[in-house]
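Structural overview
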Amino acid sequence: MSTGAGIDYSAWDHVYISDDEDVTSPHVDTQSLFRMRHRARLERMVAFQQRGEELENNISECKRLLEAGQGRLKELEDGKKEGDEDEDEEREAELKKVQAEVKILKKDEKSFQKMIEEYRREENKQPWDVDSISKDGFSKSVLNIKPVTKEETEKEKVEKHKTFVEKYAKEIKHFGMLRRWDDSQKYLSDGPHLVCEETANCLVVICIDFQIEEKPALMEQVAHQAIVMQFILDLARTLKVDARGCFREFFSKITTADKPYLDAFDQELGLLKDRIRRCARARVENTVKELEEEERQMRLGPGGLDPLEVYQSLPKEVQKGFDEENIQLLQEAMGKLGVEEGKYHLRRCIDSGLWVPQSGDSDDEEDGEEEDEEDDS
């Protein structure tokens, strides 16, 4: 069968499709019959290929023997011209023998050649089937699937993030400042190593730092790029491929995206900004608390009490004495208090460092305590 355009389709005239036949006897298992036919066809194919290999081996051996015989024949003919007369009869007999062998080998070669040609014609007439209709161009398959790796421990993740950020901090910050989609795609094309979870985390940290420094515009810019990186990573997880191989697909999608996709992007961006503001606020509060605690520790007196807290717990008249730094007023205010209450406040003032007793003051206090004990007894 051929067409007027000159394309020959005759190779498709005989295609063996018995495995696809589904009209069989109801008393015969169809699948078993197909397997049996397939096995028998494979056995015939193997036997046919072996016959071709044997023919190739036979003609090769025949050519080798013929070449050796022709070489021996040439030696005998040259020796006959240069040899002695005594050896002429013996050489003549061997020459005739070699000539006869060469003649037989030439005949065998022609016979094998005809058999090879017949085999080729028979091979071309063989019907095509699922096993012979095509051959593999190559036997190697490459799948763009991320290999399964051992899960990292928390310590390893922290160390990996720290090392990555120290090495690429400048590049990550530069990416965070890009505003156009094309610029972001080109920058990642030049540095695909930045397409990873560490970059996304580092961008969020930069956002928090900008928010603490009261630079909201910069925070919002870097937050936008952080969401870009997060969307790329989410796309890679969905496709189960390496993120470095699919970031171009994200940019192609975002530049031609419909409204729902852009709304989802803006929603995630808004949520990230809110989280950054809360995190920055919490960090500022924690920093303030830490500073206050440091100041408090520095204020502690010899007895481990905070002078500010002790001052605020004192009666108003005692506070007035400390404010005016009037010792006489302090003594009068203390004298108006009860014995136990006065001793309580005095001890707290000493422990906090508000009151630094002289040697006489401490002796008087101890004497007062002893007198109280005698009165009680």
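The rules behind the values
By convention here, each chain's residues receive numbers from 1 onward along its written sequence. Under the rules for a predicted model, residues below a pLDDT of 70 receive no local features and side-chain atom pairs below 80 are neither given nor counted, while totals for whole chains, interfaces and linings still include all residues. Note that water and hydrogens are dropped before the side-chain values are worked out from all heavy atoms of the structure. Under the DSSP-based scheme used, a helix requires at least four consecutive residues in state H or I and a strand at least two consecutive residues in state E, with every element numbered from the N terminus. Burial classification: accessible surface area is computed with a 1.4 Å probe over protein chains only, and a residue below 20% of its type maximum counts as buried, one above 50% as exposed, and the rest as partly exposed. Residue contacts follow a heavy-atom distance rule, with two residues in contact if any of their heavy atoms lie within 4.5 Å. Patch membership needs two things, relative accessible area over 30% and no salt bridge, and members are linked within 9 Å if like-charged or within 5 Å if nonpolar (Val, Leu, Ile, Met, Phe, Trp, Tyr). Here the open area of atoms and residues is found with the Shrake-Rupley method and a 1.4 Å probe, where only the protein chains shown may cover a residue. Salt bridge, as used here: a side-chain nitrogen of Lys or Arg that lies within 4 Å of a carboxyl oxygen of Asp or Glu. Positive charges come from Lys and Arg, negative ones from Asp and Glu, while His and the chain ends are left out of the count. For charged residues, the charge sits on one atom: NZ in Lys, CZ in Arg, CG in Asp, CD in Glu. Whenever a nitrogen or oxygen atom comes within 3.5 Å of another N or O atom, the pair is scored as a polar contact, on the condition that within protein one atom can donate a hydrogen and the other can accept it, and that pairs from neighbouring residues in sequence are kept only if both atoms are in side chains. Only buried Ala, Val, Leu, Ile, Met, Phe, Trp, Tyr and Cys residues count toward a nonpolar core, and they belong to the same one when joined by side-chain atoms within 4.5 Å. Angles here are taken between N-to-C directions and fall from 0 to 180 degrees, while the axes themselves are lines fitted to C-alpha atoms, restricted in helices to the stretch in contact. For classification purposes, an angle smaller than 35 degrees is called roughly parallel, one larger than 145 roughly antiparallel, one from 65 to 115 roughly perpendicular, and anything else oblique. Note on convention: the crossing is left-handed when the near helix lies turned anticlockwise from the far helix by less than a right angle, right-handed when the turn is clockwise. Each residue is assigned to one of three groups, with Ala, Val, Leu, Ile, Met, Phe, Trp, Tyr, Cys and Pro labelled nonpolar, Asp, Glu, Lys and Arg labelled charged, and all others, Gly among them, labelled polar. Only Phe, Tyr and Trp rings take part, Trp by its six-membered ring, and two of them pair if their centres are within 6.5 Å. Stacked means planes under 30 degrees apart, edge-to-face means over 60, and tilted covers everything else. The span expected for a helix works out to 1.5 Å for each residue beyond the first.

Some remarks on the overall build of the protein
Counting its regular elements, the protein contains 13 helices and 0 strands. Taking all 377 residues of the protein together, 25% fall into the buried category. Contacts spanning at least 24 positions in sequence make up 62% of the contacts within the protein whose residues lie at least 6 apart.

Re a negative patch on the surface
A cluster of acidic residues, E290, E292, E294 and E295, forms a negative patch on the protein surface. Residue classification places E295 among the partly exposed positions, given a relative accessible area of 44%.

Observations concerning the side chain of Q221
Looking at the secondary structure, you find Q221 in helix α6 (residues 216-239). The exposure class of Q221 is buried, given its relative accessible area of 9%. A polar contact of 3.2 Å, which involves the side chain of Q221, links it to the backbone oxygen of G176. Not counting residues within four places of it along the chain, the set of residues in contact with Q221 comprises G176, M177, L178 and R179.

A closer look at the nonpolar core
Membership of the largest hydrophobic core comes to 42 residues, with the highest contact counts inside it found for I172, L188, I232, F250 and F251. Elements with a contribution of two residues or more to this core: α3 (154-176), α5 (197-212), α6, α7 (247-255) and α8 (259-299). A total of 12 residues in this core trace back to one element, the largest contributor, which is α6. Not counting residues within four places of it along the chain, the set of residues in contact with I232 comprises L188, V195, A243, C246, F247, F250 and F251. Core analysis: the second largest hydrophobic core is formed by 11 residues, V318, A333, L337 and C349 among them.

Describing the packing of α3 against α5
Close contact between α3 and α5 brings their axes to 9 Å; oriented N to C, the two are set at 65 degrees. Comparing the axis directions of α3 and α5 gives the class roughly perpendicular. The handedness of the crossing between α3 and α5 comes out as right-handed. Mapping the contact onto sequence places K160, H161, F164, V165, I172, K173, F175 and G176 in α3 and E198, T199, N201, C202, L203, I206 and F210 in α5. Residue composition of the contact of α3 with α5, by class: 8 nonpolar, 4 polar and 3 charged.

Concerning the pattern of salt bridges
For the structure shown, the criterion picks out 20 salt bridges. In this structure, R72 engages E75 in a salt bridge whose closest nitrogen and oxygen atoms are separated by 3.4 Å. Separated by 3 residues within a single helix, R72 and E75 lie in helix α1 (residues 30-82), roughly one turn from each other. In this structure, E123 and R120 form a salt bridge, with 3.5 Å as the shortest nitrogen-oxygen distance. With E123 and R120 both in helix α2 (residues 88-125), this residue pair falls 3 residues apart, about one helical turn. A single network of salt bridges, built from pairs that share partners, joins E220, K273, D274 and R277.

Digging into unusual backbone geometry
A positive phi angle, near 60 degrees, is found at E214, a position not held by glycine. By the element assignment, E214 lies in the loop between α5 and α6. On the accessibility criterion, E214 (68% relative accessible area) is exposed.

Considering a nonpolar patch on the surface
Residues I212, V284 and V288 make up a contiguous nonpolar surface patch of about 190 Å² in total accessible area. V288 gets classed as partly exposed once you look at its relative accessible area, which sits at 38%.

Topic: the packing of aromatic side chains
Under the definition given, this model contains 9 aromatic pairs. Members of the aromatic cluster, connected to one another through ring pairs, are W181, F231, F250, F251, Y261 and F265.

Some points on helix α12 (residues 339-352)
Across its 14 residues, α12 extends 20 Å between first and last C-alpha, which sits within 8% of the 20 Å expected from 1.5 Å per residue. Three or more residues of α12 are buried, namely G342, H345, R348, C349, I350 and S352. At the C-terminal side of α12, G353 shows a positive phi close to 90 degrees.

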